[in-house]
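Chain by chain, the residues run as shown.
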Amino acid sequence: HLASQEPESDVGARRAVPDEIIESFIRPFDLSQAPLLRAGLIKTAKDKHILMVDMHHIISDGTSMGILIKDFMAIYSGDELTPVMIRYRDFSKWQSLQRESDALKKQGEYWLAQFAGDLPELELPTDYPDRDAGEESFAGDRLEFEIDREETQSLRQLEKEEKTTLFMVLSALYNVFLAKICSREEVVVGVPTAGRNRADLQHTIGMFVNTLALRNYPAQEKTFKEFLREVKERTLQALENQDYQFDDLVDRLGRSLFSVMFSLLNLDIPELEIPGLKLRPYPFRNRTSKFDLILNAEERGDRLRFIFEYNTGLFKEETIARFVKYFKEIMNGILKNRDIRLADIHISLDLSDSRPEIYREAAGEFEF
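Engineer: Tell me about the packing of helix α7 (residues 166-182) against helix α10 (residues 317-336), residues and numbers included.
Structural biologist: Where α7 meets α10, the closest approach of the two axes is 10 Å, and the angle between their N-to-C directions is 120 degrees. Compared by their axis directions, α7 and α10 come out oblique. Viewed along their axes, α7 and α10 form a crossing whose handedness is right-handed. When α7 is examined against α10, the residues L173, Y174, V176, F177, K180 and I181 are found in contact with a partner set consisting of F323, Y326, F327, I330, M331 and I334. A class-by-class count of the residues in the contact of α7 with α10 yields eleven nonpolar, no polar and one charged.

Engineer: Lay out the nonpolar core in plain terms, naming residues and giving numbers.
Structural biologist: Counting residues in hydrophobic clusters, the biggest one holds 70 residues, and the most contacted among them are F177, L178 and L293. In terms of residue count, the dominant contributor to this core is α7 (14 residues). Beyond its immediate chain neighbours, meaning those up to four positions away, L293 contacts L124, Y174, F177, L178, S259, V260, M261, F308, E309, Y310, I320 and F323. Membership of the second largest hydrophobic core comes to six residues, among which are I22, I50, M52 and Y282.

Engineer: Any details on the packing of aromatic side chains? Residues and values, ideally.
Structural biologist: Counted by the stated rule, this structure contains 20 aromatic pairs. Centre to centre, the rings of Y88 and F208 are 5.0 Å apart; their planes meet at 85 degrees, and the pair counts as edge-to-face. Placement of the pair is Y88 in helix α4 (residues 88-98) and F208 in the loop between β5 (187-193) and β6 (210-216), with a sequence separation of 120 residues. In this structure Y88 comes out as partly exposed when scored by relative accessible area, which is 27%. A relative accessible area of 4% places F208 in the buried class.

Engineer: Break down a nonpolar patch on the surface for me, citing the residues and quoting the values.
Structural biologist: Together, F72, Y76 and L277 make up an exposed nonpolar region whose accessible area comes to about 290 Å². Looking at the element boundaries, Y76 is found in helix α3 (residues 62-77). Y76 sits in the partly exposed class, given a relative accessible area of 49%.

Engineer: Any details on α7? Residues and values, ideally.
Structural biologist: The terminal C-alpha atoms of α7, which comprises 17 residues, lie 24 Å apart, in line with the 24 Å expected from a rise of 1.5 Å per residue. The element α7 is extensively covered by neighbouring structure, given that 17 of its 17 residues are classed as buried. A positive backbone phi angle near 50 degrees is found at S183, which sits one or two residues after α7.

Engineer: I'd love a proper account of the side chain of R305, names of residues and values included.
Structural biologist: Along the chain, R305 falls in strand β10 (residues 303-311). A polar contact is formed between the side chain of R305 and the side chain of E144, at a distance of 2.9 Å. The residues touching R305, leaving out its near neighbours within four places in the chain, are E144, F145, E146, N296, A297, E298 and R300.

Conventions used here
- Residues numbered from 1 in each chain as written.
- Predicted model: local features only at pLDDT ≥ 70, side-chain atom pairs only at ≥ 80, totals over all residues.
- Heavy atoms only, no water.
- Axes fitted to C-alpha atoms, helices over the stretch in contact; angles between N-to-C directions.
- Helix = DSSP H or I, 4+ residues; strand = E, 2+ residues; numbered from the N terminus.
- Parallel < 35°, antiparallel > 145°, perpendicular 65-115°, else oblique.
- Left-handed = near helix turned anticlockwise from the far one by under 90°.
- Contact = heavy atoms within 4.5 Å.
- Nonpolar A, V, L, I, M, F, W, Y, C, P; charged D, E, K, R; others polar.
- Core = buried A, V, L, I, M, F, W, Y, C linked by side-chain atoms within 4.5 Å.
- Buried < 20%, exposed > 50% of the residue type's maximum accessible area, 1.4 Å probe, protein only.
- Phe/Tyr/Trp six-rings, centres within 6.5 Å; stacked < 30°, edge-to-face > 60°.
- Patch = residues over 30% accessible without salt bridge, like charges linked within 9 Å, V, L, I, M, F, W, Y side chains within 5 Å.
- Areas by Shrake-Rupley, 256 points an atom, 1.4 Å probe, with all protein chains shown as cover.
- Salt bridge = Lys/Arg side-chain N within 4 Å of Asp/Glu carboxyl O.
- Expected span 1.5 Å × (residues − 1).
- Polar contact = N/O pair within 3.5 Å; in protein donor to acceptor, adjacent residues only side chain to side chain.

Okay, structure coming up:
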């Protein structure tokens with residue numbers, strides 16, 4: 001959602017009316033009717049407008065949004081568009097043919113081996129534990145937080161020392177966080193991959209994203225460094241087998257694999273710059289969550305910004321605020337001592353926790 005520049009005082013005065021219009025603008029698509037994209041314009045003043053673009057996820061991903069913005073600016077400015085080497089329908093046909101190749105079958109065997117045997121359920125400490133499964137919805141909300149410059153630098157230093165990536169460091173932290181709040185020594189987290197492994201796909205709009213289910217074992221006797229090295233190895237193996245489609249894996253296993261996700265956002269979304277116009281993003285709050293709990297991380301200069309996206313049918317906002325506190329405590333404990341045993345990483349339990357009996361049981365069993 002894009003908005004022309006306007007003073008902050010005007011934004012507050014007009015916020016209620018545009019938000020109602022935007023919410024009515026976003027509605028389901030009929031997948032049998034093209035195009036799966038709609039655009040609208042709200043006039044808020046003589047020279048102030050809100051441009052709205054809504055598209056179905058089946059035709060676009062995060063990278064596609066960057067391409068769309070670049071092309072929009074180029075057309076508006078009269079510049080030439082970057083040539084598209086491969087259309088999405090051609091890629092889709094190629095991908096379907098690849099499913100029968102020996103390489104994809106081998107990747108399928110890798111994923112089946114990863115999820116052989118029993119898969120313990122990650123029982124999140126929710127505020128509404130007795131919710132009927134039939135009441136499942138995608139209603140959600142978000143809670144943002146960031147860490148300071150020194151903490152961010154320490155995480156990047158850890159990344160360099162252990163020859164890993166920032167994604168691996170943050171993924172390991174998230175796994176430890178989940179292990180603590182769920183009292184589990186086995187965690188499965190879904191992570192998205194761009195799915196654009198060929199240079200000639202970089203300017204094609206479409207849904208290329210694939211999901212990887214990363215299964216890790218944050219056992220209490222391991223040190224964080226040991227666990228981080230395991231996360232690194234398992235992540236590299238998963239990336240080597242990332243062409244196998246997650247939907248195919250779920251179909252073959254016949255079961256769900258995870259209810260939580262993690263992503264490190266590093267999308268190439270350009271700043272909006274069009275001669276003669278002042279543009280800025282319009283802050284519209286998305287009230288959905290695709291999974292029970294999602295942690296998104298984003299590099300913002302010399303700081304890291306995080307967003308917990310959560311299902312409001314499971315969690316209250318104050319519970320997610322405690323999760324933020326726990327995540328920071330775990331991070332700071334590790335930054336102080338990177339050789340700390342996972343069993344010795346502590347989180348402070350508030351008496352107001354929504355399900356304190358779970359935390360007390362976990363504290364007794366796993367020594368946190």
